[in-house]
Amino acid sequence: MNRFLDDARTESSGTIKIIGIGQSLRGDDAAGLAAVRLWQEKYQANIDRPNLIVELVELPGVGLLGMLEGTRTVILVDAVHNNTKAGMVHLFSDDQLDAFTEGAGSAHGWGVAETLSLGRALMPSAMPEEIFLIGIEAGDLTLGESLSPEVESALPEAANLIEQVVTRG
Amino acid sequence: MNQDIHIPALARVEGEGALTIRLKDGAINEILLNIYEPPRFFEGFLHGRYFQDVPDITARICGICPVAYQMSSVQALEAALQVTISPEVRLLRQLLYCAEYIESHALHIYLLQAPDLVNHESALTLAVEAPDLVKQGLRLKKIGNDLLKAIGGRSVHPVNTCVGGFYRWPAEQAIHGLVPELEWARQASIETVRWAATLNYPDFEQEYEFVALNRIEEYAIYDGDILSSKGKRISPQEFEKNYIETHVERSNALHSHTVDDRTYFVGPLARFNLNYKKLRPMAKEAAREIGLKAPILNPYKGLLARAVELVHTCDLAIELANLYQPHGPSHVEFSVQPGEGCGVSEAPRGLLYHRYVVDEQGLIRFAKITPPTAQNFAQMEADLWALAPTAVKQPQEEASLSFEHLLRSYDPCISCSTHFLKLKIETG
């Protein structure tokens with residue numbers, strides 16, 4: 001056990017973990033949370049998947065590391081800023097995230113890329129075997145509870161992408 | 001350096017901010033520090049909400065210091081509704097606050113400011129060269145978050161605090177079980193103080209007016225009177241008459257000054273300088289061992305004050321955790337009545353003031369939140385002006401780093417709502 005890592009473990013150590021990240025009072029920043037909730041409604045409600053854990057977290061910062069620890073596959077769902085059109089949905093694998101520190105990146109302080117780099121430097125053996133990031137390009141980040149129409153209409157695509165990664169062969 | 005500096009997003013500060021420094025004929029012409037400050041949004045967002053929802057909503061202002069927002073808001077609402085909490089609740093709130101100090105100070109010391117002092121671009125590069133150091137910081141932070149979760153139910157945004165007390169008492173074993181880790185944390189904090197004393201701090205001292213909470217019997221964090229290093233002591237109710245916020249056109253943040261228009265400085269340096277004698281003996285001994293005495297007038301050495309406070313809060317947390325024995329109701333029952341009240345506590349970054357007006361239905365009719373970073377804002381600008389003449393003699397990149405490091409030493413929580421920590425220096 002890596003005792004320096006943040007946040008408590010979830011009850012069971014599932015083999016796949018979906019983590020929705022966002023700030024629910026910051027407009028499109030909540031896209032990751034909303035996409036995971038939609039996936040739960042559309043795909044997860046009637047299916048028993050004991051090896052799958054879902055977490056929704058606001059501003060986890062480096063605490064994200066504790067959620068990755070001991071999990072085989074992690075699907076991170078987050079708002080991103082990748083200089084594309086608002087509502088564009090991107091799928092990145094772990095190695096593609098290396099270039100994701102400047103000019104583009106997750107929207108959350110200690111971004112996904114930085115946190116993964118920190119994890120690889122400090123706890124390489126405890127990191128997941130594979131990490132996917134489903135990024136939804138954010139548009140409106142003003143304070144408030146609602147998503148922009150572009151991001152709202154992109155949620156089904158993001159939810160579908162989550163399901164594809166979960167059920168891939 | 002002969003070009004303007006523009007830093008559109010400051011790295012390694014909690015939130016968003018931008019800094020522009022304009023030169024004219026080789027001299028500083030203008031310094032613009034812009035801060036995007038969400039507490040103003042929350043003041044409007046809270047309007048019309050039920051009072052009991054306020055602690056959980058304000059906790060979401062910041063992922064690093066949610067407890068501070070809860071503690072100032074519940075105290076303000078308890079004053080408004082004339083609710084008196086039990087001594088047991090006060091002790092548990094103090095323990096919850098210790099948790100936040102541990103996680104927040106560990107984060108700032110090891111991951112945010114230390115890289116500047118050891119010439120690293122970030123904690124990532126530091127982690128490659130000195131993994132054990134960064135691991136120590138992360139383990140300290142985790143212990144704070146674990147304690148926060150044990151009391152508050154969640155490790156990032158706690159949800160157990162309510163007006164009148166706590167929704168439920170945490171399990172006794174959950175709190176007592178953390179004592180061994182807290183003992184490790186206390187020892188690690190003492191080592192942190194020794195290590196922090198070996199770092200090279202820039203030579204920069206200014207005359208400041210420090211403002212912090214003060215209590216006769218303890219190092220004030222949860223509550224107290226408001227004391228200034230100029231000697232003025234006021235009650236929380238007098239805060240707005242003595243510390244004035246004004247709107248500055250270039251920023252959506254309000255700037256604070258004393259009523260006679262002086263800048264002032266809140267945060268760990270203010271607490272250490274004003275309340276040094278009230279530190280727990282172990283923390284005082286750690287400070288004495290490295291020759292650290294009040295007053296510290298170098299803002300970069302806020303890191304040392306934080307390290308000493310880590311020892312203090314770990315030691316206090318151990319005592320409070322050992323004493324913890326839940327009995328009686330976890331919150332008091334009361335009837336809703338219209339009223340107005342204010343509350344003030346010491347967030348890790350400094351004094352945090354809230355005031356609310358509640359109507360007869362318990363709905364919020366007015367909310368005012370004065371966060372520590374807004375109070376330090378004018379002082380940060382004054383320090384940038386003081387630093388500028390020497391900084392601009394350096395090459396562009398080094399000058400830019402000097403300004404950033406100064407701002408980071410304040411541990412500004414300039415929005416805590418994200419974002420895009422890209423650093424870009426515009427030329428021309």
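Residues numbered from 1 in each chain as written. Chains lettered and ligands numbered in written order. Predicted model: local features only at pLDDT ≥ 70, side-chain atom pairs only at ≥ 80, totals over all residues.

Things to note about the overall build of chain A
If you tally the helices and strands in chain A, you get 4 helices and 6 strands. Each helix (α) and strand (β) of chain A, taken in turn from the N terminus, gives the series β-α-β-α-β-β-β-α-β-α. Each of the 169 residues in chain A was classed as buried or not, and the buried ones make up 51%. A separation of at least 24 residues holds for 80% of the contacts in chain A among residues at least 6 apart in sequence. (Helix = DSSP H or I, 4+ residues; strand = E, 2+ residues; numbered from the N terminus. Buried ≥ 20, exposed ≤ 12 C-beta atoms within 10 Å, placed from the backbone. Contact = placed C-beta atoms within 7 Å.)

Details of helix α1 (residues 31–44) of chain A
Residues and elements named next belong to chain A. Taking 1.5 Å of rise per residue, the 14 residues of α1 would be expected to cover 20 Å, and the 18 Å separating its terminal C-alpha atoms lies within 8% of that figure. Residues of α1 that are buried include every one of Ala31, Gly32, Leu33, Ala34, Ala35, Val36 and Trp39, and no others. Buried residues along α1 sit against β1 (16–21), β2 (52–57), β3 (73–81), β6 (130–137) and α4 (149–167). (Expected span 1.5 Å × (residues − 1).)

Examining the packing of helix α10 (residues 268–275) of chain B against helix α12 (residues 302–323) of chain B
Two quantities define a packed helix pair, namely the angle between the axes and the distance from one axis to the other. Residue and element names in this part refer to chain B. Relative orientation of the contacting elements α10 and α12 amounts to 65 degrees, with a least axis distance of 8 Å. As the angle between them shows, α10 and α12 are arranged roughly perpendicular. Between α10 and α12 the crossing geometry is left-handed. Contacts between α10 and α12 involve Pro268, Leu269 and Phe272 from the first element and Gly302, Ala305, Arg306, Val308 and Glu309 from the second. (Axes fitted to C-alpha atoms, helices over the stretch in contact; angles between N-to-C directions. Parallel < 35°, antiparallel > 145°, perpendicular 65-115°, else oblique. Left-handed = near helix turned anticlockwise from the far one by under 90°.)

Details of the environment of Arg349(B)
All names here are of chain B. Secondary-structure assignment places arginine 349 in the loop between β11 (339–347) and β12 (350–358). Looking at arginine 349, the number of C-beta atoms within 10 Å reads 26, which means it is buried. For the pair arginine 349 and lysine 142, spaced 207 residues apart in sequence, the C-alpha separation works out to 19 Å.

A word on the sheet that holds β12(B)
Residue and element names in this part refer to chain B. Taken together, 3 strands build an open sheet; the order of strands is β11-β12-β13 and the sheet is antiparallel. At either margin of the open sheet sits one strand with a lone partner, and together these are β11 and β13 (364–370). Looking at each pair of strands side by side, their axes are set apart by 15 degrees on average, direction ignored. Sheet topology note: the β12/β13 ladder contains 6 bridges and is antiparallel. Bridge pairing in β13 links tyrosine 353 to threonine 370. (Pairing = 2+ DSSP bridges.)

Side note on the confidence of the model for chain A
Summing up the model confidence of chain A, the mean pLDDT is 79 and the portion of residues at 70 or higher is 82%. Scored below 50 in pLDDT, residues 1–13 of chain A makes 33 contacts in the model with residues more than four places away or belonging to other chains. (pLDDT = per-residue confidence, 0-100.)

Examining the pairing of β11(B)
Both faces of the sheet carry side chains from a regular strand, because those side chains alternate between them. All names here are of chain B. The buried fraction of β11 is high, at 7 of 9 residues. The pairing of β11 with β12 spans 9 bridges and is antiparallel. Within β12, the residue paired with alanine 347 across the bridge is glycine 350. Hairpin remark: β11 followed by β12, antiparallel, with 2 residues in the connecting loop.

Brief notes about the sheet that holds strand β8 (residues 233–234) of chain B
All names here are of chain B. Strand order in the open sheet made by the 3 strands is β6-β7-β8, with antiparallel pairing throughout. Of all the strands in the sheet, just β6 (211–214) and β8 have a single pairing partner and so form its edges. Relative to β8, strand β7 (residues 225–228) runs antiparallel, the two sharing 2 bridges. When the bridges of β8 are listed, isoleucine 226 appears paired with isoleucine 234.

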